[in-house]
Amino acid sequence: MKARRLIFLFVLAGVLTLAAIAAVMMRETANLAPFSRQPLFPGLEQKIEQIARIELRTATGDVNLAQDAKGGWMLPERGGWPANFDVVRKAVLGLAKLQAVDRRTARPENHAHLLLAAPDDPDAAESGKGALIRALDAQGEVMASLIIGRVQTPPSATTPGTAFARREGEAQTYLVEGDVNFPLLVSDWIDRRLFDIHEDRIRSVKITPPSGPAYEIARATPQD
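These numbers come from a predicted model, not from an experiment.

Enquirer: Account for helix α2 (residues 85–97), with residues named and values stated.
Expert: For α2, which comprises 13 residues, the first-to-last C-alpha distance of 18 Å matches the rise-based estimate of 18 Å (1.5 Å per residue) to within 8%. For α2, the set of buried residues is V88, A91, V92, G94, L95 and A96. On the buried face of α2, the contacting elements are β2 (53–58), β3 (61–67), β4 (73–75), β7 (131–136), β8 (142–153) and α3 (186–189). Looking at where α2 begins, the residue whose side-chain oxygen comes 3.0 Å from the main-chain nitrogen of D86 is N84.

Structure (structure tokens):
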């Protein structure tokens, strides 16, 4: 009889514990409003022409880009070398069009698991740090600032990609959708063309080697 009573009390305690856990979970769910897809940076797409600088910070290096006087883009710390306009435009549009599709952790101690620790976080291992991307206007005011981490699904020609991200200075993280393949290396941004001259305009080429005489190659006639 005593054993049966102990079993009953044990089962009752287990049921009460499960009920308490369920109640806490239901209360947390009730306090958490349903999440709807939304732009990560509302209104940025309408102000995209105001972006005049881009700063990229990673655990292994930085890249800075700025608009030049003619409206093109260049790398100030690389002697003003021109940046690839198509790459810059794609990155800016990608940033402006990012959509937050779901919430993820808001605990800073979990950021590194999603590669969302800040690139300058001294407490995070390099393998847990994300890439910080800032877009600024001509006055240096930050228009958008994003830490992007682990890519879940890479974008393709027909479908957007998904990645984990958070706005700089915020603990809340999101699953975002869009063009999440942001260039991270200087070599990804530079314009590799030395000159933009149509071949029909070239009449002659003069070559001056490091040693030996200079020589010239010329068209025999304008049509050649």
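Enquirer: Break down the pairing of β2 for me, citing the residues and quoting the values.
Expert: Most of β2 is tucked away: 5 of the 6 residues are buried. The pairing of β2 with β3 spans 6 bridges and is classified as antiparallel. Within the sheet, the bridge partner assigned to R57 lies in β3 and is D62. What sits between β2 and β3 in their antiparallel hairpin is a turn of 2 residues. Sheet topology places β2 next to β7; 5 bridges connect them, and they run antiparallel. By the bridge assignment, I54 is partnered in β7 with A135.

Calculation rules
- Residues numbered from 1 in each chain as written.
- Predicted model: local features only at pLDDT ≥ 70, side-chain atom pairs only at ≥ 80, totals over all residues.
- Heavy atoms only, no water.
- Helix = DSSP H or I, 4+ residues; strand = E, 2+ residues; numbered from the N terminus.
- Expected span 1.5 Å × (residues − 1).
- Buried < 20%, exposed > 50% of the residue type's maximum accessible area, 1.4 Å probe, protein only.
- Contact = heavy atoms within 4.5 Å.
- Polar contact = N/O pair within 3.5 Å; in protein donor to acceptor, adjacent residues only side chain to side chain.
- Pairing = 2+ DSSP bridges.

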